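Topology and contacts: notes
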Amino acid sequence: MGFLIKIFALLVFVPFGFTDGQRDVCNLEIAAGDTLKFDKTQLQISSSCEKVTVTFTHTGKLPATVMGHNWVLSKTADVKLIASDGLIAGASSGYIKAGDERVIAATNIIGGGQTTTVSFGAGQLSSAESYTFFCSFAGHSFMMAGPFKIVN
Ligand code: ZN
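Just so you know, these numbers come straight off a predicted model, no measurement behind them.

So, about the side chain of Thr107. Relative to the helices and strands, Thr107 resides in the loop between β5 (103–106) and β6 (115–121). The exposure class of Thr107 is buried, given its relative accessible area of 8%. If we skip the residues at most four places from it in the chain, Thr107 touches Phe56, Asn70, Trp71, Thr116, Thr117 and Val118.

See below:
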């Protein structure tokens, strides 16, 4: 039995580990459902990434008007103001103020069953700076946020 579990672990976890650890270090995947929660508490990229692509999936069932989510990246210090300005900008602007230069990257708002991606240049990011990813949908950023780290 122990032997079978070991084989199972090798089959399942080794390929998964390689995918997550090395080749796809500049390609991130994250999801959220019908609750105010991302499925990952933090994200990290390598400082060697020139371009980062984030694929964001809404695994819930509720429409974007009710439980929409997006994925936004900014400096940690800018999160509150981006979110409050986004709330004023409203749903028609995707809860992001038009031309908000504090936003490093942002997807559009999606609803249940939808997937969206965003790519951005990572050369501008510094491992000495504190970054946070969050959802700017009305009222979500308090719960839906986590550190975005640049590691060497
Ligand atoms: Zn959200």
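Back to the text.
Alternating residues of strand β7 (residues 131–134) divide into Tyr131 and Phe133 and Thr132 and Phe134, and every residue in both groups is buried. Summarising the sheet, strand β4 (residues 72–75) and β7 pair through four bridges and their orientation is antiparallel. The partner of Lys75 across the bridge, within β7, is Tyr131. With four bridges joining them, β7 and strand β8 (residues 145–151) adopt antiparallel strand pairing. The residue of β8 that forms the bridge with Phe134 is Ala145.

Turning to the coordination of the zinc ion, a few remarks are in order. Six octahedrally arranged donors around a metal ideally form angles of 90 or 180 degrees; four tetrahedrally arranged donors ideally form angles of 109.5 degrees. Coordination of the zinc ion by the protein is provided by His69 (ND1), Cys135 (SG), His140 (ND1) and Met144 (SD), with metal-donor distances spanning 2.0 to 2.6 Å. The class for Cys135 is buried, based on a relative accessible area of 0%. Of the residues examined, His140 reaches a relative accessible area of 5% and is grouped as buried.

Strands sit in the order β1-β3-β6 across an open sheet of three strands; the sheet is mixed. Looking at which strands have only one partner, the edges of the open sheet turn out to be β1 (27–32) and β6. Ignoring strand direction, the axes of neighbouring strands in this sheet form an average angle of 20°. As paired elements, strand β3 (residues 51–58) and β6 share seven bridges and run antiparallel to each other. Bridge pairing in β6 links Thr53 to Ser119.

Strand order in the open sheet formed by five strands is β2-β8-β7-β4-β5, with mixed pairing between adjacent strands. Two strands bound the open sheet, and with one partner strand each, they are β2 (43–46) and β5. Mean inter-strand twist for the sheet, computed between neighbouring axes without regard to direction, equals 25°. Pairing between β4 and β5: three bridges, direction antiparallel. Looking at the pairing, Ser74 lines up with Val103 of β5. Contacts between helix α3 (residues 79–89) and the sheet are confined to β4, β5 and β7, with β7 contributing the most and set at about 30° to the helix.

What counts, and where the lines are drawn
- Residues numbered from 1 in each chain as written.
- Predicted model: local features only at pLDDT ≥ 70, side-chain atom pairs only at ≥ 80, totals over all residues.
- Heavy atoms only, no water.
- Helix = DSSP H or I, 4+ residues; strand = E, 2+ residues; numbered from the N terminus.
- Buried < 20%, exposed > 50% of the residue type's maximum accessible area, 1.4 Å probe, protein only.
- Contact = heavy atoms within 4.5 Å.
- Pairing = 2+ DSSP bridges.
- Donors = N, O, S within 2.8 Å, 3.2 Å for Na, K, Ca; no water.
- Axes fitted to C-alpha atoms, helices over the stretch in contact; angles between N-to-C directions.

Structural measurements only, silent on function.
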